[in-house]
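Reading the structure
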Amino acid sequence: YRRGQKLRDIIAEYEQKHSEFTLSYFDGEDQELTPKLRDFVLHQSLFGGNRFGVLRSPECAVGDVTEMAQSLLNVKGTTLAILSDVKLGAPWEFLKEATIQKFPALSSEQFRAFLAREAVRRGIRLDAAVARSLVELYRDDTWGAMQELEKYALGGASSGPEDR
């Protein structure tokens, strides 16, 4: 959840700086990734302006995907965000030149603070007992915890231990 939220923030900031841009998504598990990414690398639209690509699960990619991604490092007007659930090793060492942001698991205290901020954003008052329960139930699963907050914000009951 936090990584997705950060990606949305990055794209929104990019959009503020570059009103005309093309947004493309790529998935390392897609069998057609290589030609799609090749098109992104080689073909810039006359009217497209800047380009922003998002590559998910690069560790699953086959073919010359790493070379294509690396070729974008110094291309003006093109940005490629790479999202992975695992630490990337060979052949992705070139990413050491790029900006990397990690999303480590939150401590219980950090998770409670995160839940409190998200509850405020949704305009709900989160009871301390409910917050403790969410921290215990979801531990490292911020996405699941956010789904429970959404239910709560929509007037539904948050599921407790007896519901799981």
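Before going into details, it helps to say that this report is about the structure given with it. Nothing here was measured: the structure is a model prediction, and the numbers come from that model.

As for the environment of T142
Structurally, T142 is set in helix α6 (residues 142-153). With 75 residues separating them in the primary sequence, T142 and E67 have C-alpha atoms 33 Å apart. Beyond its immediate stretch of four places on either side in the chain, T142 contacts Y1, R2, L106, F111 and F114.

Focus: the pairing of strand β2 (residues 50-56)
On a regular strand, each side chain points to the face opposite its neighbour's, so the side chains alternate between the two faces of the sheet. Taken across its seven residues, β2 has five buried, putting it largely inside the fold. Strand direction decides the pairing type here: strand β1 (residues 21-27) and β2, joined by seven bridges, are parallel. Considered in β2, the bridge of T22 is made with R51. With six bridges connecting them, β2 and strand β3 (residues 78-83) associate as parallel partners.

Let's talk about the packing of aromatic side chains
Throughout the structure, instances matching the rule amount to five aromatic pairs. Taking 5.0 Å as the distance between ring centres and 65° as the angle between the ring planes, the aromatic pair formed by Y14 and F52 counts as edge-to-face. Residue Y14 is located in helix α1 (residues 2-17), and its partner F52 is located in strand β2; the two are separated by 38 residues in the primary sequence. The same class applies to Y14 and to F52, which are both buried. Relative to F40, the ring of F26 lies with its centre 5.2 Å away and its plane at 65°, an arrangement referred to as edge-to-face.

The rules behind the values
Residues numbered from 1 in each chain as written. Predicted model: local features only at pLDDT ≥ 70, side-chain atom pairs only at ≥ 80, totals over all residues. Heavy atoms only, no water. Helix = DSSP H or I, 4+ residues; strand = E, 2+ residues; numbered from the N terminus. Contact = heavy atoms within 4.5 Å. Buried < 20%, exposed > 50% of the residue type's maximum accessible area, 1.4 Å probe, protein only. Pairing = 2+ DSSP bridges. Phe/Tyr/Trp six-rings, centres within 6.5 Å; stacked < 30°, edge-to-face > 60°.

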